[in-house]
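Given next are the chains, with one letter for each unit.
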Amino acid sequence: MDALSDSYYRFPSREGNRFELLVDGEQFFPAMRQAIDRAKHYVLLELYLFESGRVATDFIDTLLAASSRGVSVYLLLDDFGAYKLATRDRLRLREGGIQLSFYNPLHYGALRRNLFRDHRKLLAVDGRTAFTGGAGITDSFDTRNNPDGWHEVMLRIDGPCVADWQHLFEQTWNSWASPPLALPSVRTSSYPGVHTGRVVLNAPSRMELKRTLVNHIRSADRRIWLATAYFIPSWKIKRLLRRAVHHGVDVRLLLPGPITDHPAVRHAGRRFYSGLLRNGVRIYEYQPRFLHAKVLLCDDWVSIGSSNIDRWNLRWNLEANQELAAPGLAAEVAKLFEKDFVDSLEIQYNSWFRRPWYRRLQEWFWGQIDQWMERHSQHRKDESNHHDY
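The following paragraphs examine the structure supplied in this document. (Residues numbered from 1 in each chain as written. Predicted model: local features only at pLDDT ≥ 70, side-chain atom pairs only at ≥ 80, totals over all residues. Heavy atoms only, no water.)

The helix and strand inventory of the protein chain stands at 14 helices and 18 strands. Here the protein chain holds 389 residues, and the buried ones make up 58% of them. In the protein chain, the proportion of contacts linking residues at least 24 apart, taken out of those at least 6 apart, comes to 82%. Summed over all atoms, the accessible surface of the protein chain reaches about 16,500 Å², with 50% contributed by carbon and sulfur. (Helix = DSSP H or I, 4+ residues; strand = E, 2+ residues; numbered from the N terminus. Buried < 20%, exposed > 50% of the residue type's maximum accessible area, 1.4 Å probe, protein only. Contact = heavy atoms within 4.5 Å. Areas by Shrake-Rupley, 256 points an atom, 1.4 Å probe, with all protein chains shown as cover.)

Structure (structure tokens):
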């Protein structure tokens, strides 16, 4: 899967997996709840966003029903990402026997420490099935009841990679929660001759996600198609994308249009458009609703998970993606990209330079803020006392 040795990664590349692409909440929410309904031993759920509402109520009901059957349920939420989870819902979970814990509780006056967040999205059931992607348990992703719901992608995983996701959850839980995780041993099924996959993670001392992205951009022969909700790339990634175009690779970025939850981040990222467009990188801004998906496609290599292509994710957050080598699923991902390109506005090089002056001012201003934050976070490791692994 990767030209780099397995020694560079926490988890090895594993064969015998099955992967299923799930697009938008109308597909992935029912599949996730169904997996919980079928749980016999344990459910592990690790999330950044968990907000009270219709979707949260449905999931809480499903988790409580599992707990009432004797299933062990562990719920690890980021303390900042779950600040809109109402007290009544927290009480329901705890009173229903759910083991509920919060990653890096916010501390007054501890600005630098508060920046470290758990941005991973993981559901693992009985050591057999897992889900990952970019979704949270909020009504924002409820495309069944809200046609303007956020555009998102999740991946269902069956096979040996599930054990790695479970191991990752266990490490994080045992660093931040008590009592320690105690799970029964469940044998993981494999599916001979199917898909090869690897779980790739990011923590402040392990930058696997950036390494594997850089490596696949360098080795791509045909296409590099990247979808991300927030685009503030490193200079190395920008340089490699430009170089790939010069080597004849089809390089396209699928980014949010005017509908976004963080307009400032969009403006800061748009300041990079000029150099990329000038060198032949094609940029599409998705128009119908907020594009929140995080999908990487380099030739037939696919990576789907929690990580955006921005320095914030790669610097401060716990992140994790499932990467895989599966031509059939890569073709599904390519079709999804092609559909989304049609629903996007392609930014043209000549027209980009005719944008209004106030747009340029917004890009400059938020770019200055981004650079200021970058300068003031260089010494994060020396000053932080967070748990790492």
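The tally for this structure, following the rule as stated, stands at 15 salt bridges. Linking Arg-14 and Asp-164 is a salt bridge whose minimum nitrogen-to-oxygen distance equals 2.6 Å. Of this pair, Arg-14 sits in strand 1 (residues 14-23) while Asp-164 sits in helix 5 (residues 161-176), and the two are 150 residues apart along the sequence. Overall, the relative accessible area of 28% leaves Arg-14 in the partly exposed class. With its nearest N and O atoms 2.9 Å apart, the salt bridge here joins Glu-363 to Arg-355. Here Glu-363 and Arg-355 have matching classes, each one buried. What emerges from the salt-bridge pattern is a single network uniting Arg-222, Arg-223 and Asp-300. (Salt bridge = Lys/Arg side-chain N within 4 Å of Asp/Glu carboxyl O.)

Before going further, it helps to examine the packing of helix 1 (residues 25-37) against helix 2 (residues 54-68). Running from N to C, helix 1 and helix 2 cross one another at 15°; their axes reach a closest spacing of 9 Å. Between helix 1 and helix 2, the interaxial angle falls into the category roughly parallel. In the packing of helix 1 onto helix 2, the handedness of the crossing is right-handed. Contact residues: helix 1 offers Phe-29, Met-32, Arg-33, Ile-36 and Asp-37, while helix 2 offers Val-55, Asp-58, Phe-59, Thr-62, Leu-63 and Ala-66. Residue composition of the contact of helix 1 with helix 2, grouped by class: seven nonpolar, one polar and three charged. (Axes fitted to C-alpha atoms, helices over the stretch in contact; angles between N-to-C directions. Parallel < 35°, antiparallel > 145°, perpendicular 65-115°, else oblique. Left-handed = near helix turned anticlockwise from the far one by under 90°. Nonpolar A, V, L, I, M, F, W, Y, C, P; charged D, E, K, R; others polar.)

This brings us to a nonpolar patch on the surface. Where nonpolar side chains cluster on the molecular surface, the patch consists of Trp-357, Tyr-358, Leu-361, Trp-364, Phe-365, Trp-366 and Ile-369 and spans about 780 Å² of accessible area. Residue placement: Ile-369 occurs in helix 13 (residues 357-375). Since its relative accessible area comes to 32%, Ile-369 is described here as partly exposed. (Patch = residues over 30% accessible without salt bridge, like charges linked within 9 Å, V, L, I, M, F, W, Y side chains within 5 Å.)

In most cases, non-glycine residues show a negative phi, while peptide bonds are predominantly trans. Non-glycine residue Asp-24 carries a positive phi angle of around 70°. With respect to the helices and strands, Asp-24 occurs in the loop between strand 1 and helix 1. Among the residues examined, Asp-24 registers a relative accessible area of 7% and is labelled buried.

Burial analysis of strand 4 (residues 99-103) places four of its five residues in the buried class, the great majority of the element. For the crossover that starts at strand 3 (residues 72-78), traverses helix 3 (residues 87-95) and ends in the parallel strand 4, the hand is right-handed. (Right-handed = clockwise from strand over helix to strand, strands pointing away.)

With 16 residues, helix 5 extends 23 Å from end C-alpha to end C-alpha; this agrees with the ideal 22 Å at 1.5 Å per step. Taken residue by residue, helix 5 has Cys-161, Val-162, Asp-164, Trp-165, Gln-166, Leu-168, Phe-169, Thr-172, Trp-173 and Trp-176 as its buried positions. (Expected span 1.5 Å × (residues − 1).)

Below, the discussion takes up the pairing of strand 1. The sheet contact formed by strand 1 and strand 8 (residues 195-203) spans two bridges and is antiparallel. Across the sheet, residue Arg-14 finds its bridge partner in strand 8, namely Gly-197. Bridging between strand 1 and strand 7 (residues 153-158) involves six bridges; their strand directions are antiparallel. Each residue of the ladder has a partner; that of Arg-18, found in strand 7, is Asp-158. (Pairing = 2+ DSSP bridges.)

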